[in-house]
Amino acid sequence: MKRNTDRQTSGPAATSQGARPSVELAGLRRRLASMLYESMLLLGVLALTFLVPYLLLGIGFGVAPPGWFSWLHIFVVLGAYFVWYWHRQGQTLAMQTWRLQLVDAVDGRSLSVGRCWLRYALCWPSVLLFGVGLVWALFDRDRQFLHDRLTGACIVLLPTAKG
């Protein structure tokens, strides 16, 4: 999806005349706010899929998995969460709240599972290396994060629901 001068891009759906509706690239502040909200939601996801099983293993069986396994478990659980939502509807729970959607930057379609996993893997260094991938958005012509630029994805702002 290429950015026009009025911050509009061609959208994923074509109308009967063959023209595509315009959608707006999501602003940096909205995406950062969504990330903050997402981090709070992930506490619940991790409590259910990480904390509860480890408490049961520790209390019930006296087993404590090694540290590397715990980190791998977190990586896989969060990856499954993000990839499932991104591939299924292009939106995580926080993205739905903020009316954001992840789409292919060229044609506006949803990303393949492989590209979702690639984006997820690139998000980690983008955030953990002092936020270099997030700071990238300050200099990017479309204000896209580095992991979105590298995977050919973009986050668009969905129109408000009418009714």
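The structure under discussion appears in the preceding block.
Residue positions are given per chain, counting from 1 as you read along its sequence in written order. With the structure being a predicted model, the display of local features is reserved for residues of pLDDT at least 70 and the display and counting of side-chain atom pairs for 80 or more, all residues being used for whole-chain, interface and lining totals. Hydrogens and water are ignored here; the side-chain numbers use all heavy atoms of the structure.

> Is there a simple way to explain the side chain of S70 in this structure?
Within the fold, S70 resides in helix α2 (residues 67-89). Summary of the burial criterion: residues with accessible area below 20% of their type's maximum are buried, those above 50% are exposed, and those between are partly exposed, where the area comes from a 1.4 Å probe applied to protein chains only. By relative accessible area, S70 is classed as buried at 13%. The contact definition used throughout considers only heavy atoms, calling two residues in contact when any of these lie within 4.5 Å. If we skip the residues at most four places from it in the chain, S70 touches F50, Y54 and P65. Numbering of helices and strands starts at the N terminus; helices are DSSP runs of H or I of at least 4 residues and strands are runs of E of at least 2.

> Help me understand the nonpolar core, please; the structure alone is not making it clear to me.
Soluble globular proteins tend to bury their nonpolar side chains together. Within this scheme, the nonpolar core is defined by two criteria: the residues are buried Ala, Val, Leu, Ile, Met, Phe, Trp, Tyr or Cys, and they are joined through side-chain atoms within 4.5 Å. Counting residues in hydrophobic clusters, the biggest one holds 21 residues, and the most contacted among them are W86 and L102. Going through the elements one at a time, α1 (28-61), α2, β3 (100-104), α4 (113-128) and β4 (153-157) are the ones with two or more residues in this core. Counting residues per element, this core draws most heavily on α2, which supplies 8 residues. Residue contacts for L102: discarding those within four places in its chain leaves W86, G90, M95, L111, R119, D148, A153, C154 and I155. Within the second largest apolar cluster, 6 residues are counted, among which are V23, V103, A105 and C154.

> Looking at this structure, I do not really get a nonpolar patch on the surface. What am I missing?
There is a patch of nonpolar side chains on the surface, built from W68, F69, L72, F75, V76, V113 and W117 and spanning about 660 Å² of accessible area. Those elements that provide at least two residues to the nonpolar patch are α2 and α4. For F75, the position within the fold is in helix α2. Its relative accessible area of 31% is what places F75 among the partly exposed residues. Patch membership requires more than 30% relative accessible area and the absence of a salt bridge. Residues of like charge join within 9 Å; the nonpolar side chains Val, Leu, Ile, Met, Phe, Trp and Tyr join within 5 Å. Values of accessible area rely on a 1.4 Å probe in the Shrake-Rupley scheme; residue burial ignores everything except the protein chains shown. A side-chain nitrogen of Lys or Arg and a carboxyl oxygen of Asp or Glu constitute a salt bridge if their distance falls within 4 Å.

> What am I meant to see in the packing of α1 against α2 here?
The packing of two helices is summarised by the inter-axis angle and the distance between the axes. Axis definition: a line fitted to C-alpha atoms, over the contacting stretch in the case of helices. Angles run 0 to 180 degrees between N-to-C directions. Where α1 meets α2, the closest approach of the two axes is 11 Å, and the angle between their N-to-C directions is 130°. Classified by the angle between their axes, α1 and α2 sit oblique to one another. As for how α1 packs across α2, the hand of that crossing is right-handed. Facing E38, L42, V45, L46, T49, F50 and Y54 of α1, the residues of α2 in contact are F69, S70, H73, I74, V77, L78, Y81 and F82. Here the nonpolar group is Ala, Val, Leu, Ile, Met, Phe, Trp, Tyr, Cys and Pro; Asp, Glu, Lys and Arg are the charged ones; every other residue, Gly included, is treated as polar. Residue composition of the contact of α1 with α2, grouped by class: 11 nonpolar, 3 polar and 1 charged. Orientation categories follow fixed angle ranges, with anything under 35 degrees roughly parallel, anything over 145 roughly antiparallel, 65 to 115 roughly perpendicular, and all other angles oblique. Crossings are sorted by hand: turned counterclockwise from the far helix by less than a right angle, the near helix makes the crossing left-handed, and turned clockwise it makes it right-handed.

Worth remembering: the numbers are spatial, not functional.
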